[in-house]
Amino acid sequence: MRYAMLVDPRAEDGGVVPWLSLPAGTALNDAAEALERLLTAGDRPERLLLFVGDERIGATSGTYLRAVLGIQPDRGPGDEVRAAAPGESTRFSLIAFRCAVCGSCAYTAFYDDRYRPSCRAGDHGPMELR
């Protein structure tokens, strides 16, 4: 499994957990970039499930991914003398969805209304954009 390095062996799979769904055939580097963007976003879920196409990759955690991917804490102006390239990556933009019934979350790296995520916690139907 080429995405195995993104799976936290200690992350438990139980309960209602947000998930990230990526298109089938997503490269490992692109999947890692999408996870990094999710972890540095405002919500910052601590645990989530990763799906690539129809394949369930597994559960992972923010702590594990920060260590594996080498994600550094946010820095402000003056924290470091080295400057980063301006702008953001244009490869993926994460889209957040929420179930209107139970509030469970899902994330995708693409939007097509035909493939909107459905709630996995119950028979609640398609999720809504957050």
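Just above sits the structure.
Considering the pattern of salt bridges
All told, the structure shown has 2 salt bridges when counted by the stated rule. Here Arg114 makes a salt bridge to Asp112, at a shortest N to O gap of 2.6 Å. Since its relative accessible area comes to 65%, Arg114 is described here as exposed. By relative accessible area, which is 22% here, Asp112 ends up partly exposed.

A word on the environment of Leu129
Tracing the backbone shows Leu129 in strand β6 (residues 128-129). Between the C-alpha atom of Leu129 and that of Tyr111, which follows or precedes it by 18 residues, the distance is 9.9 Å. Setting aside anything within four residues of it in sequence, one finds Leu129 in contact with Ile95, Ala96, Phe97 and Tyr111.

What to know about the sheet that holds strand β5 (residues 105-108)
The strands making up a sheet associate through hydrogen bonds between their backbones, and the pairing can be parallel or antiparallel. The 6 strands lie next to each other as β3-β2-β1-β5-β4-β6, forming an open sheet whose pairing is mixed. Each edge of the open sheet carries a strand with a single partner, namely β3 (55-61) and β6. Relative to β5, strand β1 (residues 19-22) runs parallel, the two sharing 3 bridges. Note that in β5 the partner of Ser21 across the bridge is Thr108. Contacting β1, β2 (47-52) and β5, helix α1 (residues 28-39) crosses the sheet at an angle of about 145 degrees to β1.

Calculation rules
- Residues numbered from 1 in each chain as written.
- Predicted model: local features only at pLDDT ≥ 70, side-chain atom pairs only at ≥ 80, totals over all residues.
- Heavy atoms only, no water.
- Salt bridge = Lys/Arg side-chain N within 4 Å of Asp/Glu carboxyl O.
- Buried < 20%, exposed > 50% of the residue type's maximum accessible area, 1.4 Å probe, protein only.
- Helix = DSSP H or I, 4+ residues; strand = E, 2+ residues; numbered from the N terminus.
- Contact = heavy atoms within 4.5 Å.
- Pairing = 2+ DSSP bridges.
- Axes fitted to C-alpha atoms, helices over the stretch in contact; angles between N-to-C directions.

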